Amino acid sequence: MGFNEKQEELVKESWEMMKEDVPGFSLYFFTQILEIAPSAKGLFSFLKDTDEIPQNNPKLKAHALKVFKMTCESAIQLREKGEVVVSGSTLKYLGSVHLQKGISGPQFEVVKEALLRTVEKGVGEKWCDEMKGAWSEAYDQLAAAIQAEMNKEA
Ligand code: HEM
Ligand code: ISQ
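What you see is a predicted model, and the numbers here were worked out from it, not measured in a lab. For every chain, the first residue of the written sequence is number 1, and numbering continues from 1 onward in sequence order. Note on labels: chains are lettered from A, ligands numbered from 1, in written order. Selection of residues for local features in this predicted model requires a pLDDT of at least 70, selection of side-chain atom pairs for listing and counting requires 80 or more, and totals for whole chains, interfaces and linings are taken over all residues.

(A) Up close: the overall build of the chain. In this text, helices come from DSSP runs of H or I with a minimum length of four residues, and strands from runs of E with a minimum of two, each type numbered from the N-terminal end. Counting its secondary structure elements, the chain contains six helices and zero strands. Helices and strands appear in the chain in the N-to-C order α-α-α-α-α-α. Scaling as 2.2 N^0.38, a compact globule of 154 residues should have a C-alpha radius of gyration of about 15 Å, and the chain matches this with 15 Å. Counting other C-beta atoms within 10 Å of a residue's own tells you its class, since 20 or more makes it buried, 12 or fewer makes it exposed, and anything in between is partly exposed; those C-beta atoms are placed from the backbone. Sorting the 154 residues of the chain into buried and exposed places 26% on the buried side. Long-range pairs, those at least 24 residues apart, make up 82% of the contacts in the chain with a sequence separation of at least 6. To get the radius of gyration, use the C-alpha atoms; to get the globule rule, take the number of residues to the power 0.38 and multiply by 2.2 Å. Once C-beta atoms are placed from the backbone, any two residues with those atoms within 7 Å are in contact.

The structure is reproduced here in structure tokens:
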């Protein structure tokens, strides 16, 4: 399903607000993932040797940033092209990373919920159903593309 300009605008606008505090929101994003699914902790190599979620772990920050950015890109492409186009090699790579980690459908829902909570916190009172819908759609399309790649490879 394509995206309209309003939806793209909403995603871009909220991303601009979140950029102000990338470390903070990365940490919050990750905290939410673990709150919803504590067992996910063991999956992430950068958490293996710690008991706590590191406050300022550069790897965690970089990873979370990529996820946000990709979801944003996904939104922009949905508007421009009507579908998500991640460059072939990136998608292949993401497919294989997540396949190797044994990530499945329900976990994609966990990350989605955590992402939405993070955006909600990030934009404060600007949060609304339309914004939630736009981020949901952008994420779902991106997740579908990754999962399709995973299925191809499996
Ligand atoms: C790794 C994005 C969904 C768990 C990664 C990386 C990216 C990414 C960019 C880093 C690859 C690298 O640079 O090495 C995404 C996106 C998702 C998604 C865009 C959904 C649209 C998920 C889900 C899970 C998950 C649902 C399940 C909890 C992981 C794990 C790694 C990873 C465990 C490896 C981290 C490590 O140990 O280095 N993901 N991901 N991802 N992702 Fe995701
Ligand atoms: C990798 N994949 C999905 C979500 C993530 C959140 C934080 C860090 C890494 C991630």
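(B) Representation of the site of ligand 2. For each residue, a C-beta atom is positioned from the backbone; the residue is called near a molecule or strand if that atom sits within 6 Å of it. Every residue lining ligand 2 is accounted for by F29, F30, L60, H63, A64, V67 and V111. Here the shell around ligand 2 gets four residues from one element, more than from any other, and that element is helix 3 (residues 58-81). Under the scheme applied, nonpolar residues are Ala, Val, Leu, Ile, Met, Phe, Trp, Tyr, Cys and Pro; charged residues are Asp, Glu, Lys and Arg; polar residues are all the others, including Gly. Residues that form the shell around ligand 2 fall into these classes: six nonpolar, one polar and no charged.

(C) Layout of the environment of S96. With respect to the helices, strands and loops of the structure, S96 is situated in helix 4 (residues 88-100). Judged by C-beta crowding, with 13 C-beta atoms within 10 Å, S96 ranks as partly exposed. Linking S96 and M150, residues 54 residues apart in sequence, is a C-alpha distance of 6.4 Å.

(D) How the structure looks around the site of ligand 1. Taken together, 20 residues lie near ligand 1, and L43, S45, K66, Q107 and V111 sit nearest. The class makeup of the residues in the shell around ligand 1 is 14 nonpolar, four polar and two charged.

(E) Broad picture of the nonpolar core. In this structure, V11, F29, A75, A134, W135 and A138 are the most contacted members of the largest nonpolar core, which totals 28 residues. Secondary structure elements with two or more residues in this core: helix 1 (5-18), helix 2 (22-36), helix 3, helix 5 (105-123) and helix 6 (129-153). Looking at which element gives the most residues to this core, the answer is helix 6, with eight residues. With residues up to four places along the chain from it excluded, the contact list for A138 reads V11, T71, S74, A75 and L78. The term nonpolar core means buried Ala, Val, Leu, Ile, Met, Phe, Trp, Tyr and Cys residues held together as one set by C-beta atoms within 7 Å.

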